[in-house]
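Summary of the model geometry
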Amino acid sequence: MEQRRTPGIKGNPKLDETTGVFKAPEGFWVRCPQCHAILQQSFVKLHHQVCAECTHHFRMSSHERIALVCDEGSFREFDADLEAVDFLGFFDSKAYVDRLSSSQKKTRMRDAFVSGEAKISGRAVQVGAFEFSFMGGSMGTIVGEKISRLFERSLEKKQPAIIFQASGGARMQEGLSSLMQMAKTLGVLSKLNAAGVPYVSVLTDPTTGGVAASFALLGDVNVAEPNALVGFAGPRVIAQTINETLPQDFQRSEFLLSHGMIDKIVPRSELRDYLGRILGLLC
Ligand SMILES: [Zn+2]
């Protein structure tokens, strides 16, 4: 059969043999989990991964984050060559080395965190962002090292530190060494605090486990995106442990704000301006 092209669709539409209907290529549409609207992927991307119908915030890549808030062309990456080593020879349903290599191929990153120096509203900052699609943004030795170095550069140059959190917690494939990153990063963060250099933590969906239990909630200002899941253990685990039904918005940004755990909820469209203003007040 002759191939038809649908206007605006890249690649050939695929014919569904049973219905006789041509379907758009995979990845063309996305369904909003909140309002269930079917949205054009490229349109959602253009709007910084926010649903135009209900303002649901989809997850965003670390590089999209940096581009969203930093002055154009100002970002200079550091420590991009640091790469995890499988020192335990860890193997669960899959070998750790294989998990690493498939995440590296998928994200074109060496590990789950990108960091560097940039400007926000003309002010020099040390900025970093978790990459959730790299093994769930888990923190192993490399992520911990990169965060510690970010805080160290921040301290040395007296530039504010900003971290965009998005993590499932410590990386189990690196065992106790992953948990040690909590103490290591906090050691440097305490020096930053003593020197009076500001640190802003931006909590995005999800921020959990060892990251939530260490530097993610220790910012001088802790802001969150709307409806982001933030907590140590997930709500399902807590509900099973205490054998109680939890409030519907439990561990979501709005719940945390109403219980005094965070300072503000900032929609993604306002984040760049908000950070510029808050840095002006803190510095
Ligand atoms: Zn929606």
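A brief structural summary. (Residues numbered from 1 in each chain as written. Predicted model: local features only at pLDDT ≥ 70, side-chain atom pairs only at ≥ 80, totals over all residues. Heavy atoms only, no water.)

**A few points about the overall build of the chain**
Counting its secondary structure elements, the chain contains nine helices and twelve strands. On C-alpha atoms alone, the chain measures out to a radius of gyration of 20 Å, which is about the 19 Å that the 2.2 N^0.38 rule sets for 283 residues. If you line up the chain on its principal axes, its C-alpha atoms span 70 × 45 × 45 Å. By the burial criterion, 46% of the 283 residues in the chain qualify as buried. Considering only contacts within the chain whose residues lie at least 6 apart along the sequence, 64% involve residues at least 24 apart. Accessible surface, the chain: about 14800 Å² in total, of which carbon and sulfur atoms supply 54%. (Helix = DSSP H or I, 4+ residues; strand = E, 2+ residues; numbered from the N terminus. Rg over C-alpha atoms; globule rule 2.2 N^0.38 Å. Buried < 20%, exposed > 50% of the residue type's maximum accessible area, 1.4 Å probe, protein only. Contact = heavy atoms within 4.5 Å. Areas by Shrake-Rupley, 256 points an atom, 1.4 Å probe, with all protein chains shown as cover.)

**Looking at helix 9 (residues 268–282)**
Helical geometry note: an α-helix holds 3.6 residues per turn, so side chains three or four residues apart project in the same direction. For helix 9, spanning 15 residues, the distance from its first C-alpha to its last is 21 Å, which sits close to the expected 21 Å at 1.5 Å a residue. Its maximal kink placed at Tyr274, helix 9 deviates by approximately 30°. Taken as a whole, helix 9 has its buried residues at Arg268, Leu271, Tyr274, Leu275, Gly276, Ile278 and Leu279. (Expected span 1.5 Å × (residues − 1). Bend = angle between axes of the 7 residues up to and from the residue.)

**Here we look at the nonpolar core**
One finds Phe130, Ile147, Phe151, Ile163, Tyr199 and Phe215 to be the most contacted residues of the largest nonpolar core, which totals 34 residues. Contributions of two or more residues to this core are made by helix 3 (96–107), helix 4 (141–157), strand 8 (161–167), helix 5 (175–194) and strand 9 (199–208). Considering each element in turn, this core owes the most residues, five residues, to helix 4. Not counting residues up to four positions away in its chain, the partners in contact with Ile163 are Phe113, Gly128, Phe130, Ile147, Leu150, Phe151, Tyr199, Val200, Ser201 and Val202. (Core = buried A, V, L, I, M, F, W, Y, C linked by side-chain atoms within 4.5 Å.)

**Topic: the packing of helix 4 against helix 5**
Axis separation between helix 4 and helix 5 bottoms out at 9 Å; the angle between their running directions is 5°. As far as their axial angle goes, helix 5 and helix 4 are roughly parallel. Along the contact surface, helix 4 presents Thr141, Gly144, Glu145, Ile147, Ser148, Phe151, Glu152, Ser154 and Leu155, while helix 5 presents Ser177, Gln181, Lys184, Thr185, Val188, Leu189, Lys191 and Leu192. (Axes fitted to C-alpha atoms, helices over the stretch in contact; angles between N-to-C directions. Parallel < 35°, antiparallel > 145°, perpendicular 65-115°, else oblique.)

**Here's the deal with the pairing of strand 7 (residues 123–130)**
Counted residue by residue, strand 7 has six buried out of eight residues, so it is predominantly covered. Counting the residues that bridge the hairpin from strand 6 (residues 113–120) to strand 7 gives two residues, and of these Ser121 lies at a positive phi of roughly 50°. Sheet topology places strand 7 next to strand 8; four bridges connect them, and they run parallel. When the bridges of strand 8 are listed, Val127 appears paired with Ile162. (Pairing = 2+ DSSP bridges.)

**Points about the side chain of Ser148**
Position of Ser148 relative to the elements: it lies in helix 4. If we ignore the near neighbours within four places in the chain, the residues touching Ser148 are Lys184, Thr185 and Val188.

**Here's the deal with the coordination of the zinc ion**
Metal coordination angles have textbook ideals: 109.5 degrees for a tetrahedral set of four donors and 90 or 180 degrees for an octahedral set of six. Around the zinc ion, the protein contributes the donor atoms Cys32 (SG), Cys35 (SG), Cys51 (SG) and Cys54 (SG), which lie 2.2 to 2.3 Å from the metal centre. The site at the zinc ion holds four donor atoms, and with the angles between them running 106 to 112°, its shape is tetrahedral. The sequence pattern describing where the donors of the zinc ion fall on their chain is C-x2-C-x15-C-x2-C. Accessibility expressed as a relative area gives 1% for Cys51, which makes it buried. (Donors = N, O, S within 2.8 Å, 3.2 Å for Na, K, Ca; no water. Tetrahedral: all angles 85-135°; square planar, octahedral: opposite > 155°, others 65-115°.)

**As for the packing of aromatic side chains**
A full pass over the atoms with the stated rule returns five aromatic pairs. Seen from their ring centres, Phe28 and Trp29 are 4.8 Å apart, and the 85° between their planes marks the pair as edge-to-face. Between Phe113 and Phe130 the ring centres are 5.0 Å apart and the planes differ by 75°, which places this aromatic pair in the edge-to-face class. One end of the pair, Phe113, is in strand 6; the other, Phe130, is in strand 7, and 17 residues separate them in sequence. (Phe/Tyr/Trp six-rings, centres within 6.5 Å; stacked < 30°, edge-to-face > 60°.)

Bear in mind that shape data such as this cannot, by itself, settle questions of function.
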